[in-house]
Amino acid sequence: MTNNSEPTRPHPTSPPGQPAPAETATRAPGPAAPADGAQPPQGPPAPDDESRTGGASGNPNPAEGRPPATDTHPNPHPPTGLQAHLVVDRPGFRLDVTLTAAPGDVLALLGPNGAGKTTALRALAGLTPLTDGHLRLDGTALEHTAPEARPVGVVFQDYLLFPHLSALDNVAFGPRCRGASKAEARAAAAAWLERMGLTPHAAAKPRRLSGGQAQRVALARALATRPRLLLLDEPLAALDARTRLEVRAQLRRHLAEFEAVSVLVTHDPLDAMVLADRLVVVEHGRVVQEGTPADIARHPRTDYIAQLVGLNLYRGQAAGHTVRLDAGPAITTTEKLSGPVFVAFPPSAVTLFRDRPSGASARNLWRCEVAGLETHGDQIRADLTGELPLAADLTTVAAAELDLHPGAPVWATVKATQTHAYPA
Ligand SMILES: Nc1ncnc2c1ncn2[C@@H]1O[C@H](COP(=O)(O)OP(=O)(O)OP(=O)(O)O)[C@@H](O)[C@H]1O
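Residues numbered from 1 in each chain as written. Predicted model: local features only at pLDDT ≥ 70, side-chain atom pairs only at ≥ 80, totals over all residues.

Across a sheet, paired strands are connected by hydrogen bonds in the backbone, their directions being either parallel or antiparallel. Judged by pairing direction, the sheet is antiparallel, and its three strands sit side by side in the order 11-12-18 without closing on themselves. Taken across any chain shown, the strands that pair with only one partner, and hence form the sheet edges, are strand 11 (312-325) and strand 18 (420-423). The average undirected angle you get between the axes of adjacent strands in this sheet is 40°. The pairing of strand 12 (residues 330-345) with strand 18 spans four bridges and is classified as antiparallel. For Val343, the partnering residue across the bridge sits in strand 18 and is Ala421. (Pairing = 2+ DSSP bridges. Helix = DSSP H or I, 4+ residues; strand = E, 2+ residues; numbered from the N terminus. Axes fitted to C-alpha atoms, helices over the stretch in contact; angles between N-to-C directions.)

Spelled out as structure tokens, the structure:
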């Protein structure tokens, strides 16, 4: 360990905007940190050596920053923002996603475990080499640029603050490594800390900071290098529920003020909906849907997204107001469509009966069986199998009155007006 508080020069394997000092970087104290604040050695992630570098040109040793062969006639008005086609091949996994964003946009990459979100983020940072594709930021090709030379700032889930540096010196580190004098870098850092409401903590070492404060120092450190692309990897995941609420609101404000492109990876649909202008849903290494949070919530196109936004989702063939499901019965809808469609409705739209409701129209009435019950906020969510597998929400009182238990037979109905059909 060294007591050297003077930031050192960029390390060749450091992530963008976060050159490694002589000592290893580590997370701020969190639930997993030992009581004495001692940390296992854990440097910032180094570029993967899992596949060749060289990008689309296939050149294994490209000159840093050299534009690919296809860019021999540069556009006099290069587009601003991010244009990326990221292809990463691994045994048993291929990432192939296209991401575009204008300056000021906040994109959220959302998807199940193993979908490729982190791989995409690391590819943008230059920590995972592209097998193919391209990456342009404000018109400049970056796929052959070393991570630390990219105008990219990264905020990792566990902050990766330098433990032996104060909050101020952690933030000053980036500008210092980019050529600012010590005084300039410290002045810039002080301004960023003030903007983040952290001036009283400027002298504190990371282990004296709360999770929320450490997260803001990490954000200040990333922003202090004035990146053209800000990457956030599960930025709120290490925080407890209350801190998360507060930090989410602050992060939203900072991202709204940030003039360049931000890309964040999250598992949490709420983080994505609150923080991002546009969601990009990745499954099995591919973009399966993208759009505004409202679009995606209203028109989910995969089971994963439907579950995420809490809707029952089916696919079928529409003929007028009837949709014959690919697997299952027909659903009556208010929309009049034809051809392949999705039909969605929320679990709260489902009404359950133990006996077949007399006088009820036969439309949208299905015989089901309770497969499972779980508490969902102040409601009970019933998972039903049978003619139509679906989720239904009901009050605890209603669940008790219906004597619901796994295996109980039930009738489920949904009004056509509560369903929503849209072309597949
Ligand atoms: N360094 C690596 N070497 C080899 N395979 C990897 C490596 N990192 C991830 N993978 C694999 O690549 C695929 C994509 O993983 P990735 O971590 O990008 O997904 P993710 O969407 O971020 O998942 P999670 O939400 O669980 O973090 C998975 O099959 C994963 O097992």
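Continuing now.
Here the focus is the sheet that holds strand 15 (residues 379-386). One open sheet holds the five strands; their spatial order is 13-17-14-15-16, and the pairing between them is antiparallel. Each having just a single partner strand, strand 13 (350-353) and strand 16 (390-394) make up the two edges of the open sheet. If you compare each strand with its neighbour and ignore which way they point, the axes differ by 45° on average. For strand 14 (residues 365-376) and strand 17 (residues 409-414), the ladder comprises five bridges, and the chain directions are antiparallel.

Here we take up the nonpolar core. Membership of the largest hydrophobic core comes to 80 residues, with the highest contact counts inside it found for Ala108, Leu109, Leu124, Val171, Ala220 and Leu231. Sort the elements by how many residues they give to this core and helix 4 (residues 211-223) lands first, with seven residues. Every residue in contact with Leu124, bar those within four places of it in the chain, is listed here: Ala84, Leu135, Val152, Leu229, Leu231 and Val263. Counting residues in each nonpolar core, the second largest holds 30 residues, with Leu313, Tyr314, Val350 and Leu352 among its members. (Core = buried A, V, L, I, M, F, W, Y, C linked by C-beta atoms within 7 Å. Buried ≥ 20, exposed ≤ 12 C-beta atoms within 10 Å, placed from the backbone. Contact = placed C-beta atoms within 7 Å.)

To continue, consider the domain arrangement of the protein. Looking at the assigned domains, one finds that the protein contains domain 1 (55-60 + 77-295) and domain 2 (347-423). A separation of 42 Å is found between the C-alpha centroids of domain 1 and domain 2. (Domains from an automatic or database assignment.)

Extensive coverage of helix 2 (residues 167-177) is indicated by the burial of 11 of its 11 residues. Within two residues after helix 2, Gly179 carries a phi angle of roughly 105°, on the positive side.

On to helix 3 (residues 182-195). For helix 3, spanning 14 residues, the distance from its first C-alpha to its last is 20 Å, which sits close to the expected 20 Å at 1.5 Å a residue. Within the span of helix 3, buried status applies to Ala185, Ala188, Ala189, Trp192 and Leu193. For helix 3, the angular spread of buried residues about the axis comes to 140°, placing them on one side. Within helix 3, the exposed residues directed more than 90 degrees away from the buried face are Ala183 and Glu194. For helix 3, the secondary structure elements touched by its buried residues are helix 2 and helix 4. At the C-terminal side of helix 3, Gly197 shows a positive phi close to 70°. (Expected span 1.5 Å × (residues − 1). Arc of directions from axis to C-beta.)

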